[in-house]
Amino acid sequence: METTKRIAAKAITWQLSGLIAMSAIGYIITGSLESASGFAVFSALLGTVFFFVHEKIWSRITWGRSEVAGLQRQAPEGQGIVAFNQAAQTR
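This is a predicted model, so every value here is computed, not measured. (Residues numbered from 1 in each chain as written. Predicted model: local features only at pLDDT ≥ 70, side-chain atom pairs only at ≥ 80, totals over all residues. Heavy atoms only, no water.)

Colleague: Help me get a handle on the packing of helix H1 (residues 4-30) against helix H2 (residues 33-59), residues and values and all.
Modeller: Where H1 contacts H2, the two axes come as close as 7 Å, and the packing angle between them is 150°. Judged on the interaxial angle alone, H2 and H1 are roughly antiparallel. Seen from above, H1 lies across H2 with right-handed handedness. Classifying every residue of the contact of H1 with H2 by side-chain character gives 15 nonpolar, ten polar and three charged. (Axes fitted to C-alpha atoms, helices over the stretch in contact; angles between N-to-C directions. Helix = DSSP H or I, 4+ residues; strand = E, 2+ residues; numbered from the N terminus. Parallel < 35°, antiparallel > 145°, perpendicular 65-115°, else oblique. Left-handed = near helix turned anticlockwise from the far one by under 90°. Nonpolar A, V, L, I, M, F, W, Y, C, P; charged D, E, K, R; others polar.)

Here it is as structure tokens:
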């Protein structure tokens, strides 16, 4: 499972690239740097929130995960990372 910090970092870096692209497209369409920037910033903020929520939902879905993730899910209740490391070493 990915950490919340990692998901947030991915969302921010993805939206920065989108911000640049949307600014360029907005400028080409409107000819106004101010309008293009406003639209791009709004789009990036909204997109970041939706990406973050999307990632949090998918982090709870086990379908398509690798075997290592499966070992983590099989750790006995309350043993967390210790059980995960022990299980990984026995493979």
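Back to the text.
Colleague: Quick rundown of the packing of aromatic side chains? Include the residues and the values.
Modeller: All chains considered together, the criterion is met by one aromatic pair. Relative to Trp63, the ring of Trp58 has its centre 6.4 Å away and its plane inclined at 55°; by these criteria the two rings are tilted. Looking at Trp58, the relative accessible area reads 39%, which means it is partly exposed. (Phe/Tyr/Trp six-rings, centres within 6.5 Å; stacked < 30°, edge-to-face > 60°. Buried < 20%, exposed > 50% of the residue type's maximum accessible area, 1.4 Å probe, protein only.)

Colleague: Residue-level account of a nonpolar patch on the surface, with values.
Modeller: Together, Val49, Val53, Ile57, Trp58, Ile61 and Trp63 give the surface a local cluster of nonpolar side chains, amounting to about 620 Å² of exposed area. If you trace the backbone, Trp63 turns up in the loop between H2 and helix H3 (67-73). Take Trp63: its relative accessible area is 67%, and that puts it in the exposed class. (Patch = residues over 30% accessible without salt bridge, like charges linked within 9 Å, V, L, I, M, F, W, Y side chains within 5 Å. Areas by Shrake-Rupley, 256 points an atom, 1.4 Å probe, with all protein chains shown as cover. Salt bridge = Lys/Arg side-chain N within 4 Å of Asp/Glu carboxyl O.)

Colleague: Residues and numbers for H2, please.
Modeller: Here H2 contains 27 residues, and its C-alpha end-to-end distance of 38 Å stays within 8% of the 39 Å for a straight helix at 1.5 Å per residue. Among the residues of H2, those classed as buried are Ala36, Ala40, Ala44, Gly47, Phe51, Glu55 and Ser59. Residues of H2 that are buried in the fold lie against H1. (Expected span 1.5 Å × (residues − 1). Contact = heavy atoms within 4.5 Å.)

Colleague: Can you explain the side chain of Ser59? Please cite residues and give values.
Modeller: Tracing the chain through its elements places Ser59 in helix H2. By relative accessible area, Ser59 is classed as buried at 8%. Apart from residues no more than four positions distant in its own chain, Ser59 is found in contact with Met1, Ile7 and Arg65.

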